[in-house]
Amino acid sequence: MESLKSALREQQAASLRLFFRDDDVDEDGAPLRRLLRLFLERNTPINLGVIPGRLTSACVELLAASVGAAPALLELNQHGWRHINHEREGRKCEFGASRTYAEQLADIAQGQSRMTEAFGPNWFPVFIPPWNRCTEETRRAIDHLDFRALSARRGISAETGYRFEEISITLDLYRWNGGARMKSPEEIVDELIAQLSRQHTIGVALHHKVMDEHAFSFLGSLLDTLAAHPAVRFHTFQSLLQLSQAHG
């Protein structure tokens, strides 16, 4: 982490904005509990992408209790509907080109209803498309359903004319071609340093279901290194939107 510490010392920005987004939250389990503990012990916020159509009652209880105990640190968001691939060819996508606006709207609305049924007002309406991919019809649907933001991956074209904001993931700890493989710590740190120099909002994608001991250890060290720098500010989507409105 020495290279990251050095890069942080050289930053001239008044503040560096970072957020962490963990996807595929649907059931209670040891990896999810470990991830929550890792962030809560450090008083660091995290966004949780919840799959509404797969959400178990045990997971609802865990998340509701966790958010109730630390509402400023844990933010629940909607991760698709059932995280199912509907494309017969090409890249996987739940809300892809083969699906009509009406089909997408119906699924996203079902997910929205399930989130509200499970968590009442204690979730924040950000839509996270599975596999970080979606279409113009998806944007129309989430705008119609009053979502506040779309979070996919940087490079997905940002359309104008909608009421929501796009808050992209910029860094993933894993490669996914041929199965989940964590990048080397050196590669992750190098990517992060390159993004720090651009001074945009940095979004880090996490996946608790594939994280092992090495991944959790690395993540803890990364959080500690970032938190030690006075210019670093950790955010939820809600706090990022508040910042945007304040400066807008």
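Structure: above.
Model, not experiment: these values are computed from the prediction.

Visitor: Quick question: what am I supposed to make of the pairing of strand β2 (residues 46-50) here?
Guide: The two faces of the sheet receive side chains in turn, since in a regular strand these alternate between them. Of all the 5 residues making up β2, 5 are buried; the element is thus mostly covered by neighbouring parts of the structure. Of the two faces of β2, the one lined by Ile46, Leu48 and Val50 and the one lined by Asn47 and Gly49 are each fully buried. Handedness of the strand β1 (residues 16-25)-helix α2 (residues 30-41)-β2 crossover: right-handed. Across 5 bridges, the pairing between β2 and strand β3 (residues 74-78) is parallel. Its bridge partner lying in β3, isoleucine 46 is registered against leucine 74. Following the chain from β2 across helix α3 (residues 57-69) to the adjacent parallel β3, one finds a crossover that is right-handed.

Visitor: Can you walk me through the packing of helix α1 (residues 2-10) against helix α7 (residues 213-227) in this structure?
Guide: A pair of packed helices is captured by two measures, namely the crossing angle of their axes and the spacing between those axes. Between α1 and α7, the shortest axis-to-axis distance is 10 Å and the interhelical angle comes to 25 degrees. On the basis of the axis angle, α1 is roughly parallel to α7. Here α1 runs over α7; the crossing is right-handed. Contacts between α1 and α7 involve Leu4, Lys5 and Leu8 from the former and Leu222, Thr225 and Leu226 from the latter. Each residue belonging to the contact of α1 with α7 can be placed in one class, and the counts come to 4 nonpolar, 1 polar and 1 charged.

Cut-off values and rules
Residues numbered from 1 in each chain as written. Predicted model: local features only at pLDDT ≥ 70, side-chain atom pairs only at ≥ 80, totals over all residues. Heavy atoms only, no water. Buried < 20%, exposed > 50% of the residue type's maximum accessible area, 1.4 Å probe, protein only. Helix = DSSP H or I, 4+ residues; strand = E, 2+ residues; numbered from the N terminus. Right-handed = clockwise from strand over helix to strand, strands pointing away. Pairing = 2+ DSSP bridges. Axes fitted to C-alpha atoms, helices over the stretch in contact; angles between N-to-C directions. Parallel < 35°, antiparallel > 145°, perpendicular 65-115°, else oblique. Left-handed = near helix turned anticlockwise from the far one by under 90°. Contact = heavy atoms within 4.5 Å. Nonpolar A, V, L, I, M, F, W, Y, C, P; charged D, E, K, R; others polar.

These values are about where atoms sit, not about what they do.
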